[in-house]
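# Observations on chain architecture
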Amino acid sequence: MRRTNLFIKRGILWGIGGSLVLPACLLSGCSLKPGEPAQEISAPTAAEITGEDMSDSAPEERTGNGEEASGTEGASGNEGEAGGTEEIKEEETSASEEEESAQLESFVLYFSGIDVWGWVDTQSRSDVNIIAAVNPDTRHIQLINTPRDYYVEMPVSDGMKDKLTHAGIYGVENSVGTLEILYGIEIDYYIRMNFSGFESIIDTLGGVDVYSEYDFTVEPIKHYTEGYNHLTGLEALAFVRERHAFASGDNQRGRNQMALIQAMVDKVCSVEFLLNYSEIMEELTDMFRTNVPLELIADMVGNQLLDKTEWTVDTYSVTGSGGSEKTYSVPGSKAYVMIPDEEDVAEAAKLIEGVLNETER
């Protein structure tokens, strides 16, 4: 397990991006249709962020009025008025805390990257399957990678198993349900994109700086060196798709995909991105799909603008053993599959629940 400490703007990690990912700020563009004004996804005002009514008089003014009343109405009248003021303040504080708590609840997000170019709504195999468990209170994110060839049961398969990648053929909801069955969890939201959307997003952001664990080459695109590499959209796509260059194949590819997620977090939480948020979102419209509510996204962006806070991002990949089995989607012949390692699956589920339920940093 690799642990990386990141400094990002306050709020939830919405800077994850890629054919597998899209962090905080990027999500705000997905609910918009082409041509809609960027103002609809602009960051909330100070009043909206804090939940306060900015037209209210300041607490000092109320106290001042109370003191003046004390001089004219006597001690007993003053005590009653002061008590009422304290009660109002208490109620306001309580309401503010409840609103803050509601905005910052833990959640699970699924990143799906489908293996086609062109129209983002095309249903196809999901080659990228990463779960992010996010706990805003403890500033902790756990990424879980599940190999594309994992031999799993799907909601649509009536108990028959198939490769995880084939779940995407039947829609993103089927992929979500498949992972929920595998890990015994509930997934709140998803982000889905294809090759075209992924490449365009990276280029729109001016590229990303991704850490590579190995030196390797993807011909004729690029030689990647161990350490940080600045990648364009095409180079980033090749980085997250390559598996033949590694002894561990698909397992290393999954780790590279999570490394790209971490790079996207850094990118979208940069001052440059935040200052040009509306313009960038206009360009990213229709490059991906998500069911994250627009209101939630606005809250995330607003929180990110408040202050810098340290987040911890952990990564974990489940593994398994190779086999040859019949699948639900192609029942007439056998195909290569990865039989899940049950201990790995149990550990991943434990990590997810641990992050969601933790209360201390």
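Structural notes, computed from the coordinates. (Residues numbered from 1 in each chain as written. Predicted model: local features only at pLDDT ≥ 70, side-chain atom pairs only at ≥ 80, totals over all residues. Heavy atoms only, no water.)

Helix-helix packing is characterised by the crossing angle of the two axes and by the distance between the axes. Interaxial distance between helix α7 (residues 233-241) and helix α8 (residues 250-268) falls to 7 Å at its minimum, and their mutual angle equals 140°. Contacts between α7 and α8 involve A236, F239, V240 and R241 from the former and R253, N256, Q257 and L260 from the latter. Looking at the contact of α7 with α8 residue by residue, the classes come out as four nonpolar, two polar and two charged. (Axes fitted to C-alpha atoms, helices over the stretch in contact; angles between N-to-C directions. Helix = DSSP H or I, 4+ residues; strand = E, 2+ residues; numbered from the N terminus. Contact = heavy atoms within 4.5 Å. Nonpolar A, V, L, I, M, F, W, Y, C, P; charged D, E, K, R; others polar.)

Before going further, it helps to examine the side chain of R192. Mapping R192 onto the fold places it in strand β7 (residues 189-193). Of the side chains with opposite charge, D121 comes closest to the buried, unpaired R192, at an N-O distance of 4.9 Å. At 2.5 Å, the side chain of R192 forms a polar contact with the backbone oxygen of T122. Apart from the residues lying within four places of it in its own chain, the contact partners of R192 are S112, I114, V120, D121, T122, Q123, S124, V172, F288 and R289. (Buried < 20%, exposed > 50% of the residue type's maximum accessible area, 1.4 Å probe, protein only. Lys, Arg positive; Asp, Glu negative; His and termini not counted. Salt bridge = Lys/Arg side-chain N within 4 Å of Asp/Glu carboxyl O. Polar contact = N/O pair within 3.5 Å; in protein donor to acceptor, adjacent residues only side chain to side chain.)

Quick look at the nonpolar core now. For soluble globular proteins, nonpolar side chains are generally found buried alongside one another. L109, L143, F198, I201 and V210 are the most contacted members of the largest nonpolar core, which totals 49 residues. Counting residues per element, this core draws most heavily on α8, at seven residues. Those residues within four positions of V210 in sequence are excluded, and the remaining contacts are G227, Y228, N229, L231, F239, A259, L260 and A263. In this structure, V152, V345, A348 and L351 belong to the second largest nonpolar core, which totals 24 residues. (Core = buried A, V, L, I, M, F, W, Y, C linked by side-chain atoms within 4.5 Å.)

Before going further, it helps to examine a nonpolar patch on the surface. Taken together, the side chains of W117, I221 and L234 present a nonpolar region at the surface, about 270 Å² in accessible area. Here I221 lies in the loop between β9 (216-218) and β10 (222-224). We classify I221 as partly exposed; its relative accessible area is 32%. (Patch = residues over 30% accessible without salt bridge, like charges linked within 9 Å, V, L, I, M, F, W, Y side chains within 5 Å. Areas by Shrake-Rupley, 256 points an atom, 1.4 Å probe, with all protein chains shown as cover.)

Residues of helix α6 (residues 195-204) that are buried include every one of F195, G197, F198, E199, I201 and I202, and no others. By the N-cap criterion, in which a side-chain oxygen at the helix start approaches the backbone nitrogen of a residue two or three places on, α6 is capped by N194, the distance to S196 being 3.2 Å.

Note that F273 resides in helix α9 (residues 271-275). F273 gets classed as buried once you look at its relative accessible area, which sits at 3%. Note: C-alpha distance between F273 and L205 (68 residues apart in sequence) is 7.8 Å.

A word on the environment of I187. Positionally, I187 belongs in the loop between α5 (172-183) and β7. Along the sequence, I187 and I131 sit 56 residues apart, while their C-alpha atoms lie 8.4 Å from each other. If we skip the residues at most four places from it in the chain, I187 touches V108, Y110, I131, V176, L179 and E180.

Another point: the side chain of N229. The topology assignment puts N229 in strand β11 (residues 227-231). The buried category is assigned to N229, whose relative accessible area is 7%. A polar side-chain atom of N229 sits 2.8 Å from the main-chain carbonyl oxygen of T225. In terms of polar contacts, N229 uses its side chain to reach the backbone carbonyl oxygen of G227, at 3.0 Å. When near neighbours in sequence (up to four residues on either side) are disregarded, N229 contacts V208, D209, V210, S212, K222, H223 and Y224.

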